[in-house]
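The residues making up each chain are set out below.
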Amino acid sequence: MGTAIKSLGVVGAGQMGCGIVQVSALAGYKVTVYDLSKERIEAGLATVNGNLARQVNNGKLSEEDRKAAMTRISGTTDINDLAPTDMVIEAATEDETVKRKIFAQICPVLKPEALLATNTSSLSITRLAAATDRPERFMGIHFMNPVPVMKLVELVRGIATDETTFATAKAFAQSLDKTITVAEDFPAFIVNRILLPMINEAIYTLYEGVGSVEAIDTAMRLGANHPMGPLQLADFIGLDTCLSIMQVLHDGLADSKYRPCPLLVKYVEAGWLGRKSGRGFYDYRGETPVPTR
């Protein structure tokens, strides 16, 4: 069995990072969230507090538990504050260069026995691990978005990950009341290898004029019983993220079936990245989202 994790560091105070902070603090872990931007940390922790307050209002959480969870969380712009943690999860942007740079900064600060994990949704765990000083204590712990709601965590070992690291990561994910699935270290693992080509195919269906945005999303919601249509989901994920995962699949597996749809590329070039930028396959700037084509 792995060594128990008591304190956790999270790198990146974005949507994913703060989701991980929230579920970990609720489960009793002491969490330090590190980001370069003080504003992002403050905004992220305000979101966490808001989410917990909403759970209190809905009767899903007691006010005492909310307060206790918030006291376990601290934010910092000083990387040295990650030094005492037992495990650090990197949840920065889906860009290998950025992630490698973060690992180069974190590794010298960490205790030698500390574990390092990445929340990457598609990049090679083996390759990322090789960029650190502890490949045997490194692995992928891929949370789904939004973290507090989604029940799944994909655990991905690199070629060098040792058994203790895997056992510790597994116990940690289970302690957050998540269901784990174990994926091998191939591009995009399980969920995104199946999900993203489906989204890309929906974009091709739009690009080729087979159906409108509304027709495609309605068809998949009611015809395949998906909770949200693929284009609405793409906007939620972020079209830049969708494109980068398709590129990872295309480059990593060298199969033309993973070619990113030119329309997806065009939307990303326009800066229409979905919900976060106000426009994607839907326009979110008014009262209700309106299809953009």
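This one's a predicted model, so the numbers in the text were calculated from it and none came from an experiment. (Residues numbered from 1 in each chain as written. Predicted model: local features only at pLDDT ≥ 70, side-chain atom pairs only at ≥ 80, totals over all residues. Heavy atoms only, no water.)

This next bit is on the domain arrangement of the protein chain. Entries for the protein chain in the domain assignment read domain 1 (7-184) and domain 2 (191-291). The C-alpha centroid of domain 2 is placed 27 Å from the C-alpha centroid of domain 1. Across the contact, 11 residues belong to domain 1 and six residues belong to domain 2. With both sides pooled, the region where domain 1 packs onto domain 2 buries about 630 Å², and carbon together with sulfur makes up 61% of that total. When the buried surface of domain 1 facing domain 2 is broken down by residue, Glu94, Ser121 and Ser122 rank first, second and third, together holding 46% of it. (Domains from an automatic or database assignment. Contact = heavy atoms within 4.5 Å. Buried area = accessible area lost by both parts, 1.4 Å probe.)

The biggest cluster of nonpolar side chains holds 36 residues, and the ones touching the most others in it are Met87, Ile89, Ile141, Phe143 and Phe172. Looking at this core element by element, the count peaks at six residues for helix α1 (residues 15-26). What Ile89 contacts, discounting residues up to four positions off in sequence, is Leu8, Gly9, Val10, Val11, Ile20, Ala117, Asn119, Phe143 and Phe172. Of all hydrophobic cores here, the second largest spans 28 residues; its members include Ala202, Leu206, Ala234 and Tyr282. (Core = buried A, V, L, I, M, F, W, Y, C linked by side-chain atoms within 4.5 Å. Buried < 20%, exposed > 50% of the residue type's maximum accessible area, 1.4 Å probe, protein only. Helix = DSSP H or I, 4+ residues; strand = E, 2+ residues; numbered from the N terminus.)

Where helix α7 (residues 191-207) meets helix α10 (residues 239-253), the axes come as close as 10 Å, and the angle between the chain directions of the two elements is 110°. Relative to α10, the element α7 lies roughly perpendicular. Here α7 runs over α10; the crossing is left-handed. In contact with Asn192, Arg193, Leu196, Pro197 and Asn200 of α7, α10 contributes Cys242, Ile245, Met246, Leu249 and Leu253. Tallied by class, the residues present in the contact of α7 with α10 amount to seven nonpolar, two polar and one charged. (Axes fitted to C-alpha atoms, helices over the stretch in contact; angles between N-to-C directions. Parallel < 35°, antiparallel > 145°, perpendicular 65-115°, else oblique. Left-handed = near helix turned anticlockwise from the far one by under 90°. Nonpolar A, V, L, I, M, F, W, Y, C, P; charged D, E, K, R; others polar.)

Summarising the element assignment, Asn119 is placed in the loop between β5 (115-118) and α5 (125-130). The exposure class assigned to Asn119 is buried, which follows from its relative accessible area of 7%. Polar contacts involving the side chain of Asn119 include one to the main-chain amide nitrogen of Phe143, which spans 2.7 Å. In this structure Asn119 touches Met16, Ile20, Ile89, Glu90, Ala91, Ile141, His142 and Phe143, once residues within four positions along its chain are discounted. (Polar contact = N/O pair within 3.5 Å; in protein donor to acceptor, adjacent residues only side chain to side chain.)

Another aspect to go through is the UniProt feature "binding site: NAD(+)" (unreviewed entry) in the protein chain. According to UniProt, the feature "binding site: NAD(+)" (unreviewed entry) maps to Gly12, Ala13, Gly14, Gln15, Met16, Gly17, Asp35, Glu94, Lys99, Ser121, Asn145 and Lys276 in the numbering used here. The topology assignment puts Ala13 in the loop between β1 (7-11) and α1. You can call Ala13 buried: its relative accessible area is 4%. Contact partners of Ala13, with chain neighbours within four places excluded, come to Cys18, Val33, Tyr34, Asp35, Arg40, Ile41 and Gly44. The class for Gly14 is partly exposed, based on a relative accessible area of 33%. (UniProt positions renumbered as here; feature names shortened; annotations may be inferred.)

Backbone hydrogen bonds hold the strands of a sheet together, and the pairing may be parallel or antiparallel. The mixed open sheet is built from eight strands, whose spatial order is β3-β2-β1-β4-β5-β6-β7-β8. Here the strands that pair on one side only, and so sit at the sheet edges, are β3 (73-76) and β8 (179-183). Recorded for the sheet is a direction-independent mean angle of 25° between the axes of neighbouring strands. The sheet contact formed by β5 and strand β6 (residues 138-143) spans three bridges and is parallel. Directly across from Ala117, in β6, lies its bridge partner Met139. Packing against the sheet, helix α2 (residues 38-57) makes contact with β2 (30-34) and β3, and its axis sits at approximately 165° to β3. (Pairing = 2+ DSSP bridges.)

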